[in-house]
Amino acid sequence: MGEEVRRTTYNRTHQLEYQRKMRRCLDVFETMLAQCPFDTDRALTGMEIECNLVDADYQPTMSNRYVLDAINDPAYQSELGAYNIEFNVPPRPLPGHTSLDLEAEVRASLNDAETKANSGGAHIVMIGILPTLMPEHLIDGWMSDSARYAALNESIFRTRGEDIPINIAGPEPLAWHTATIAPESACTSMQLHLQVAPMDFAAHWNAAQVLAGPQLALGANSPYFFAHQLWAETRIELFTQSTDTRPAELKTQGVRPRVWFGERWITSILDLFQENIRYFPSLLPEVSDEDPVAELAAGRTPHLSELRLHNGTVYRWNRPVYDVVDGRPHLRLENRVLPAGPTIVDMLANSAFYYGALRSMSEQERPLWTRMSFAAAQANFGEAAQNGMDAQLHWPGLGGVTAPQLVLGTLLPMADEGLRRWGVDADVRDRFLGVIEGRAKTGRNGARWQVSTVRALQDGGMARPAALAEMLRRYCEHMHTNEPVHMWDA
């Protein structure tokens, strides 16, 4: 959940003052990059896992307020939908056996949360899009009780001036209209954070953009929305469309979408914050009392609240983050590419693959982004979202290559070497990268398992709604075993 706000509607005065403060924050941030020491003592990693809540029949249940009260743990927070919660994993370094310890800790925490959720008749599901979600679930009572979410909904539709069409191609194309941002709540993800030094940020962001396509092809887990089989990772296109503030005429004029891959390689983190202000109107113009210039002059670390709040409403798949902890500023790269699930071990395998490959790519003498157009990286991302394991990706030196071939022949060795440079122990590398290897060799990720299971159930005589619910029941059983998805039976 992002920062809470004080009001749900804003006027022109709010907007003008907010724009002035944002530019002031940007000037201060530029000064800080040149003059101030950022916290780079340890390359800390973090993780957020967005989850869905279902009832005994595996239908969405709008009960996150009751579930969070039962869990009673600040690591768990509400999300946009009343059938969503988010689990925030505390930051930690990568080296040694840390990831194996993390696997045990996350499983224990989520198992405890599941037990407490059960007391109110709810179950926690880690999946990209809840396959039993239907339009009737998003009419009334779907939104969490939060001024931030109400304000976002109001601002997006005021800016757009009309309902949002949801049009997604695929084996069973979907056409629908929405008068709220409710479909955004269907998109639950795993977000990976990495603390990065200012001088290293551009290389890490560029590498993450290169990696986004293969990363998504491996981890796709969202093939259904409103009972339609759509993309392997439908969440990508659904999130893009459901937060789009542009009416048709602005799209044709080339105005950028709020959910954005980007359009160029960068040379500094400053490039991204400058783009945020240049291209995107503010949705939550909350003005703080802080004077960032005075704070910096006094030797204190400014929080740059307006810059951070605006950054939280520009939904890049790889997002820059400025934050202050214990009075020290730091920068993080937030990777938002992957869906939640299917299991803890699958998600930690995805994170190990990402952190390892990112380290190797960002330290290459001749970086991949100097040999690859930005448009090719973006095309890989779209191809992976649509086709998952069947994606055909462009790669420097290889031309067109399938996602499994690219992973097995190029990226897995790169990820292993990167984790070794991080100081990750060999048995940790073997466990998690072994999951990635198994997934690539079998071609089975969450999306493929979901589709094949539903198809088998329908071939056995079940109607689509019943097949989706039964598939989700089996999915949850497998999820609790923590056996990686490539080893699941239907």
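Reading guide: rules and limits
Residues numbered from 1 in each chain as written. Predicted model: local features only at pLDDT ≥ 70, side-chain atom pairs only at ≥ 80, totals over all residues. Heavy atoms only, no water. Helix = DSSP H or I, 4+ residues; strand = E, 2+ residues; numbered from the N terminus. Rg over C-alpha atoms; globule rule 2.2 N^0.38 Å. Buried < 20%, exposed > 50% of the residue type's maximum accessible area, 1.4 Å probe, protein only. Contact = heavy atoms within 4.5 Å. Pairing = 2+ DSSP bridges. Phe/Tyr/Trp six-rings, centres within 6.5 Å; stacked < 30°, edge-to-face > 60°. Lys NZ or Arg CZ within 6 Å of the ring centre and 35° of its normal. Expected span 1.5 Å × (residues − 1). Polar contact = N/O pair within 3.5 Å; in protein donor to acceptor, adjacent residues only side chain to side chain. Axes fitted to C-alpha atoms, helices over the stretch in contact; angles between N-to-C directions. Parallel < 35°, antiparallel > 145°, perpendicular 65-115°, else oblique. Left-handed = near helix turned anticlockwise from the far one by under 90°. Salt bridge = Lys/Arg side-chain N within 4 Å of Asp/Glu carboxyl O.

**Student:** Could you give an account of the overall build of the protein, with specific residues and numbers?
**Tutor:** A tally of regular secondary structure across the protein gives 16 helices and 15 strands. A compact globule built from 490 residues should have a C-alpha radius of gyration of about 23 Å, and the protein, at 22 Å, falls within 12% of that. The dimensions of the protein, computed from C-alpha atoms along their principal axes, are 70 × 50 × 45 Å. In the protein, which comprises 490 residues, the proportion classed as buried is 60%. Here the analysis covers contacts within the protein between residues at least 6 apart in sequence; of these, 76% occur between residues at least 24 apart.

**Student:** Give me the lowdown on the pairing of strand 14 (residues 392-395), citing residues and values where you can.
**Tutor:** Residues of strand 14 alternate between two faces, with Leu 393 and Trp 395 buried on one and Gln 392 and His 394 left unburied on the opposite face. As defined by bridge partners, strand 14 adjoins strand 15 (residues 399-402) across four bridges and the pair is classed as antiparallel. Pairing of His 394 across the sheet is with Gly 400, part of strand 15.

**Student:** If you had to explain the pairing of strand 1 (residues 44-54) to someone new, which residues and values would you point to?
**Tutor:** Across the 11 residues of strand 1, 11 count as buried, placing the element largely inside the fold. With burial as the criterion, each face of strand 1 is covered, one bearing Leu 44, Gly 46, Glu 48, Glu 50, Asn 52 and Val 54 and the other bearing Thr 45, Met 47, Ile 49, Cys 51 and Leu 53. As paired strands, strand 1 and strand 3 (residues 84-93) are joined by eight bridges and run antiparallel to one another. Bridge pairing links Asn 52 to Asn 84 in strand 3. Here five bridges tie strand 1 to strand 7 (residues 189-196), and the two strands are oriented antiparallel to one another. Pairing of Met 47 across the sheet is with Leu 192, part of strand 7. Sheet topology places strand 1 next to strand 4 (residues 123-125); three bridges connect them, and they run antiparallel. Within the sheet, the bridge partner assigned to Asn 52 lies in strand 4 and is Val 125.

**Student:** If you had to explain the environment of Ser 146 to someone new, which residues and values would you point to?
**Tutor:** As for its placement among the helices and strands, Ser 146 is situated in the loop between strand 4 and helix 4 (147-160). Through-space distance from the C-alpha of Ser 146 to that of Glu 79 is 9.2 Å; in sequence the pair is 67 residues apart.

**Student:** Give a detailed account of the side chain of Asn 153, specifying residues and quantitative values.
**Tutor:** Tracing the backbone shows Asn 153 in helix 4. Accessibility expressed as a relative area gives 16% for Asn 153, which makes it buried. Those residues in contact with Asn 153 that sit more than four places away from it in its chain are Met 143, Thr 180 and Ile 181.

**Student:** Can you tell me about the packing of aromatic side chains, naming the residues and giving the values?
**Tutor:** Enumeration over the complete set of coordinates arrives at 20 aromatic pairs. An angle of 85 degrees between the planes, with centres 5.8 Å apart, marks the rings of Trp 260 and Tyr 279 as edge-to-face. Placement of Trp 260 in strand 10 (residues 259-260) and of Tyr 279 in helix 8 (residues 269-279) is noted, with a sequence separation of 19 residues between them. Between Tyr 354 and Tyr 355, the aromatic rings sit 5.3 Å apart at their centres with planes inclined by 55 degrees, giving tilted as the arrangement. With respect to class, Tyr 354 is no different from Tyr 355; both count as buried. Here the guanidinium or amino end of Arg 65 rests over the ring plane of Tyr 66, the centre of that ring lying 4.5 Å away. Just above the ring of Tyr 279 sits the side chain of Arg 278; from NZ or CZ to the centre is 5.5 Å.

**Student:** A description of helix 15 (residues 446-459) should follow, citing residues and the corresponding values.
**Tutor:** Taking 1.5 Å per residue as the helical rise, helix 15 with its 14 residues ought to reach 20 Å, and the 20 Å between its terminal C-alpha atoms agrees with that figure. The inward-facing, buried residues of helix 15 abut strand 8 (224-225), strand 9 (228-229) and helix 16 (464-481). Structurally, the start of helix 15 carries an N-cap: the backbone nitrogen of Ala 447 is 3.3 Å from a side-chain oxygen of Asn 445. The positive-phi residue at the C-terminal boundary of helix 15 is Gly 461, with phi of around 115 degrees.

**Student:** Please set out the packing of helix 15 against helix 16 residue by residue, giving values where relevant.
**Tutor:** Close contact between helix 15 and helix 16 brings their axes to 9 Å; oriented N to C, the two are set at 130 degrees. Considered as vectors, helix 15 and helix 16 are oriented oblique to each other. Crossing of helix 15 over helix 16 shows right-handed handedness. Between helix 15, through Trp 449, Gln 450, Thr 453, Val 454, Leu 457 and Gln 458, and helix 16, the contact on the second element is made entirely by Arg 464, Ala 467, Leu 468, Glu 470, Met 471, Arg 474, Tyr 475 and His 478.

**Student:** Can you lay out the environment of Leu 68 for me, pointing to particular residues and giving the numbers?
**Tutor:** Position of Leu 68 among the secondary structure elements: in helix 2 (residues 64-71). Of the residues examined, Leu 68 reaches a relative accessible area of 17% and is grouped as buried. The spacing of Leu 68 and Ser 78 is 10 residues in sequence and 7.6 Å in space, taken between C-alpha atoms. Dropping the residues within four chain positions of it, Leu 68 is found in contact with Tyr 76, Gln 77, Ser 78 and Ile 85.

**Student:** Lay out the pattern of salt bridges with the relevant residues and their values.
**Tutor:** Under the definition given, this model contains 32 salt bridges. In this structure, Arg 474 and Glu 470 form a salt bridge, with 2.8 Å as the shortest nitrogen-oxygen distance. Of this pair, Arg 474 and Glu 470 both sit in helix 16, four residues apart, roughly one helical turn. In this structure Arg 474 comes out as partly exposed when scored by relative accessible area, which is 24%. On the basis of relative accessible area, Glu 470 is assigned to the buried category, the value being 16%. Through salt bridges with shared partners, one network takes in Arg 359, Glu 363, Glu 417, Arg 420 and Arg 421.

**Student:** I'd like to hear about helix 12 (residues 374-387), residue by residue, with values.
**Tutor:** In an α-helix, one turn spans 3.6 residues, which is why side chains three or four residues apart end up on the same side. In this model, helix 12 (14 residues) spans 20 Å end to end at C-alpha, consistent with the 20 Å of a helix rising 1.5 Å per residue. Where helix 12 is concerned, the buried positions are Phe 374, Ala 376, Ala 377, Asn 380, Phe 381, Ala 384 and Ala 385. The secondary structure elements touched by the buried residues of helix 12 are helix 5 (201-219), helix 6 (234-242), strand 13 (328-339) and strand 14. Backbone geometry just after helix 12 places Gly 388 at a positive phi near 55 degrees.

**Student:** For unusual backbone geometry, give the residues involved together with the corresponding values.
**Tutor:** Of all residues except glycine, most have a negative phi; of all peptide bonds, most are trans. In this chain, Gly 341 is followed by Pro 342 through a cis amide linkage whose omega measures -5 degrees. Take Pro 342: it is sitting in the loop between strand 13 and helix 11 (344-362). Positive phi, close to 55 degrees, is recorded for Phe 226, a residue that is not glycine. Inspection of the secondary structure assignment puts Phe 226 in the loop between strand 8 and strand 9. Residue classification places Phe 226 among the buried positions, given a relative accessible area of 4%. For Ala 227, which is not a glycine, the phi torsion comes out positive at approximately 70 degrees. Along the polypeptide, Ala 227 turns up in the loop between strand 8 and strand 9.

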